[in-house]
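Each chain, letter by letter, is given below.
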Amino acid sequence: MIGTLDVIVLDCPDTRALARFYAELLGGEIVGFDEDWAEVVTPIEGHRPLVAFQRVDDYRAPVWPGQDTPQQVHLDVKVEDLDAGEQAVLAIGATATGSGTETFRVFLDPAGHPFCLIHPND
C-alpha cells in the first residue's frame, strides 16, 4: 500500500450548493466552505474519506454516458512522505504533471485521470 484515500474531490460551479446536496444525501456535515472549496464529513468512523468540492471557472457538467465532457472527479491520497509516495506511484505507472505545492502533488493515472498525493498535515 502506498497511501490511504483521504478526500474525494468533485469539480463544480458552486461549492456551497453542491456541499449542501451531498451533506443531505450522505447524512454528512459541512465542516467548512468558501467560494472555492467546501468539505463534507460523512458519518463514517474517522470521517474519512472526506467529500470535497472545488469551484472551477467555466465549469461544464459531464455528459452521461458519453465522454464529450468527461466526468470531473479526482482522488486525494494521503502519504507519509511526498517524495517516497511520488517514487512509488511513478513506479506503478503514474505520470507526474509538475503541478503541486509543498503539501500536495498532482499525477495522472495510466488512463489520464488526475489524482493528488497529499501531505499528512494537509
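Small disclaimer: the values here were computed from a predicted structure and weren't measured.

1. Notes on the sheet that holds strand S5 (residues 73-78)
Strand pairing in a sheet is mediated by backbone hydrogen bonds. Such pairs are either parallel or antiparallel. Sheet architecture is open: 8 strands sit in the order S2-S3-S4-S1-S5-S8-S7-S6, paired in mixed fashion. If you trace the sheet from one side to the other, it starts and ends with strand S2 (29-33) and strand S6 (95-100), each paired once. Across the sheet, the axes of successive neighbouring strands diverge by a mean angle of 25°, strand direction being ignored. Here 6 bridges tie strand S1 (residues 4-12) to S5, and the two strands are oriented antiparallel to one another. Bridging from a neighbouring strand, Ile-8 pairs with Leu-75 of S5. Along the sheet, helix H1 (residues 15-26) contacts S1, S2, strand S3 (37-41) and strand S4 (50-55); its crossing angle with S4, the most-contacted strand, is approximately 160°. Relative to strand S7 (residues 104-108), helix H2 (residues 82-91) is tilted by about 5°, and along the sheet it contacts S6, S7 and strand S8 (114-118).

2. Re the side chain of Asp-11
Considering the arrangement of structural elements, one finds Asp-11 in strand S1. With no salt bridge to any partner, buried Asp-11 finds its closest opposite charge in Arg-60, at an N-O distance of 10 Å. Polar contacts involving the side chain of Asp-11 include one to the side chain of Gln-54, which spans 2.8 Å. Here Asp-11 is in contact with Leu-18, Gln-54, Val-56, Tyr-59 and Gln-72, once residues within four sequence places are set aside.

The rules behind each value
- Residues numbered from 1 in each chain as written.
- Predicted model: local features only at pLDDT ≥ 70, side-chain atom pairs only at ≥ 80, totals over all residues.
- Heavy atoms only, no water.
- Pairing = 2+ DSSP bridges.
- Helix = DSSP H or I, 4+ residues; strand = E, 2+ residues; numbered from the N terminus.
- Axes fitted to C-alpha atoms, helices over the stretch in contact; angles between N-to-C directions.
- Contact = heavy atoms within 4.5 Å.
- Buried < 20%, exposed > 50% of the residue type's maximum accessible area, 1.4 Å probe, protein only.
- Lys, Arg positive; Asp, Glu negative; His and termini not counted.
- Salt bridge = Lys/Arg side-chain N within 4 Å of Asp/Glu carboxyl O.
- Polar contact = N/O pair within 3.5 Å; in protein donor to acceptor, adjacent residues only side chain to side chain.

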